[in-house]
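Inside the fold
Listed below, chain by chain, are the residues.
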Amino acid sequence: MEFRDLKAQYKKYKTEIDTATETVMLNSDFISGKAVDHLEKRLADYVGVKHCISVANGTEAMTLVMMAWGIGQGDAVFIPDFTFFSTGEIVSFVGATPIFVDVDPKTFNLDPIKLEAAVQKVIEEGVLTPKVVIPVDLFGLPADYDAITKVTSRYDLRILEDGAQGFGGNIRGKRACSFGDAATTSFFPAKPLGCYGDGGAIFTDDTALKDLISSLKVHGKGSNKYDNIRIGVNSRLDTIQAAILNVKLDAFIQHELKDVNQVRARYDQLLSNHVEIPLIPNGYLSSFAQYTIKLKSAQERTKVMEALSTAKIPSLIYYTIPMHRQKAFSYLEPSDEGLEVTIDLCQRVLSLPMHPYLTEDDIELIASTIIAALS
Ligand SMILES: *Cc1c(COP(=O)(O)O)cnc(C)c1O
């Protein structure tokens, strides 16, 4: 069994994907080709924003937004403590200071009350200037943007939505990657919409921001890439990846998002009396990058993982280490204070195989293995 079955997906769409990539190769249209423009337009339409700028990966997508906003030394950027390393990494990378904020124990997403407390603390200390909040749509579920926006408007902060895992989700029909002043996503193969390598995108309604990032991502180009008007980077999405994504976006829209939510419903039915299942608030849709359950203790989790492994069922822990405890951030000397929920989640969460091609038989086997391990 696969944790995320990309082979099943490729088998189903082999003809379309092979044709799409072959066309790029026959035309030698490798960099900034037709498929890239087409994909950017389609993604912007789907998400419901004016602009989509494709880039090399989800991490660079976030870095580019930070660069464009001029975030750097002396600036405080608020991020959830429970997320993939990138969300904090890019803050330090541009020279700003990440402020780790605890998450909600049920949704796993940034806790808006603790966010406000963290902003006030930074203001009181008077050393850093609060500038940006980066909510993460963890495991596919959009963060609580209603509550977060109330806080950011009180303190005049920008929002960068880290939608690397969130593409396809929505809140009352408003789609992920359309929240905040800018949003980013990743097309890493295992994400809800993945390519066959690295890829990412930035979404925004802000045309000036789009223009600036379009320059920054191609060596700070002016009228062309040999006219360089600022220091930038090289961060483009390969045409081959865009061609693959055009096929995969069709599949995602036609059935994958629906199918993955059906898998979720079946898991919920089978597991809800035995473990804590993921909470999706009313009006929210998750794209289920992960289906993450909570066990009672670290010991119980180990027992379940061992039983799954014996039955040849893969399972993974997202995440084992709270961001503030990552060695890379030790220079900030962060304390555990106020980050109790994340510390606890890292002990008890477990992500199960999750993808649109998971069969009923596999779901039943996974559930019965977990239930047997618990009894
Ligand atoms: C995957 C991921 C990223 C980074 O995306 P890459 O394309 O791998 O650089 C950023 N944030 C979160 C929450 C992620 O899961």
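Provided above is the structure to which this section pertains.
Note that the coordinates shown come from a computational prediction; the quantities given were computed from them, not determined experimentally.

**Describing helix 9 (residues 298-310)**
A rise of 1.5 Å per residue sets the reference length of helix 9, with its 13 residues, at 18 Å; its end C-alpha atoms lie 18 Å apart and thus fit the reference within 8%. Taken together, the buried positions of helix 9 are Glu-300, Arg-301, Val-304 and Leu-308. Axial view of helix 9: buried residues confined to an arc of 100 degrees, hence all on one face. Away from its buried face, by an angle of more than 90 degrees, helix 9 presents the exposed residues Gln-299, Glu-306, Ser-309 and Thr-310. Tucked into the core, helix 9 has its buried residues touching helix 10 (340-348), strand 12 (349-352) and helix 11 (360-374). Positioned one or two residues after helix 9, Lys-312 has a phi angle of 60 degrees, which is positive.

**Considerations on the pattern of salt bridges**
A side chain of one charge can pair with a side chain of the opposite charge if their charged atoms are brought near each other. Inspection of every chain in the model, using the stated rule, returns 15 salt bridges. The closest approach of N and O atoms between Glu-2 and Lys-7, which form a salt bridge, is 3.1 Å. A residue is classified by how much of its surface remains accessible, and Glu-2, at 32% relative accessible area, is partly exposed. Across the salt bridge formed by Asp-75 and Lys-131, the nearest N and O atoms sit 2.8 Å from each other. Remark: Lys-131 occurs in strand 4 (residues 129-133) and Asp-75 occurs in strand 2 (residues 75-80); sequence separation between them is 56 residues. With a relative accessible area of 31%, Lys-131 lands in the partly exposed category. Several salt bridges share partner residues, and in doing so they unite Arg-266, Glu-360 and Glu-364 into one network.

**Let's talk about helix 6 (residues 145-155)**
Every α-helix carries 3.6 residues per turn, so stepping three or four residues along brings you back to the same face. Taken residue by residue, helix 6 has Tyr-145, Ile-148, Val-151 and Thr-152 as its buried positions. Projection of helix 6 onto a plane perpendicular to its axis shows the buried side chains occupying an angular sector of 125 degrees, all on one side. The outward face of helix 6, more than 90 degrees from its buried face, is lined by the exposed residues Lys-150, Ser-153 and Arg-154. Contacts from the buried residues of helix 6 go to helix 5 (112-125), strand 4, strand 5 (158-162), strand 6 (170-171) and strand 10 (284-285). Count one or two residues on from helix 6 and you reach Asp-156, which has phi positive near 55 degrees.

**Structural notes on the side chain of Arg-348**
With respect to the helices and strands, the residue Arg-348 is situated in helix 10. There is a polar contact of 2.8 Å between the side chain of Arg-348 and the backbone oxygen of Leu-295.

**A short note on the site of the ligand**
The local shell around the ligand holds 15 residues, among which Gly-58, Thr-59, Gln-165, Ser-186 and Lys-191 are the closest. Within the side chain of Thr-59, an N or O atom sits 2.5 Å from an oxygen atom of the ligand. Measuring from an oxygen atom of the ligand, one finds a side-chain N or O atom of Gln-165 at 2.8 Å. Out of a free accessible area of 390 Å², the ligand has 93% covered by protein chains.

**Observations regarding the sheet that holds strand 9 (residues 200-204)**
Ordered by their spatial adjacency, seven strands build an open sheet running 1-9-8-5-4-2-3, and the pairing between neighbours is mixed. Two strands in the sheet have a free side with no partner beyond their single neighbour: strand 1 (51-55) and strand 3 (97-101). On average, adjacent strands in this sheet sit at an angle of 30 degrees to one another, irrespective of strand direction. Relative to strand 4, strand 2 runs parallel, the two sharing four bridges. When the bridges of strand 4 are listed, Phe-78 appears paired with Val-133.

**Here's the deal with a nonpolar patch on the surface**
Taken together, the side chains of Met-25, Phe-30 and Ile-31 make up a nonpolar region of the molecular surface, amounting to roughly 290 Å² of accessible area. In this structure, Ile-31 sits in the loop between helix 1 (6-26) and helix 2 (34-47). Taking relative accessible area as the criterion, Ile-31 reaches 48% and is therefore assigned partly exposed.

Criteria and thresholds
Residues numbered from 1 in each chain as written. Predicted model: local features only at pLDDT ≥ 70, side-chain atom pairs only at ≥ 80, totals over all residues. Heavy atoms only, no water. Helix = DSSP H or I, 4+ residues; strand = E, 2+ residues; numbered from the N terminus. Expected span 1.5 Å × (residues − 1). Buried < 20%, exposed > 50% of the residue type's maximum accessible area, 1.4 Å probe, protein only. Arc of directions from axis to C-beta. Contact = heavy atoms within 4.5 Å. Salt bridge = Lys/Arg side-chain N within 4 Å of Asp/Glu carboxyl O. Polar contact = N/O pair within 3.5 Å; in protein donor to acceptor, adjacent residues only side chain to side chain. Near = heavy atom within 4 Å. Areas by Shrake-Rupley, 256 points an atom, 1.4 Å probe, with all protein chains shown as cover. Pairing = 2+ DSSP bridges. Axes fitted to C-alpha atoms, helices over the stretch in contact; angles between N-to-C directions. Patch = residues over 30% accessible without salt bridge, like charges linked within 9 Å, V, L, I, M, F, W, Y side chains within 5 Å.

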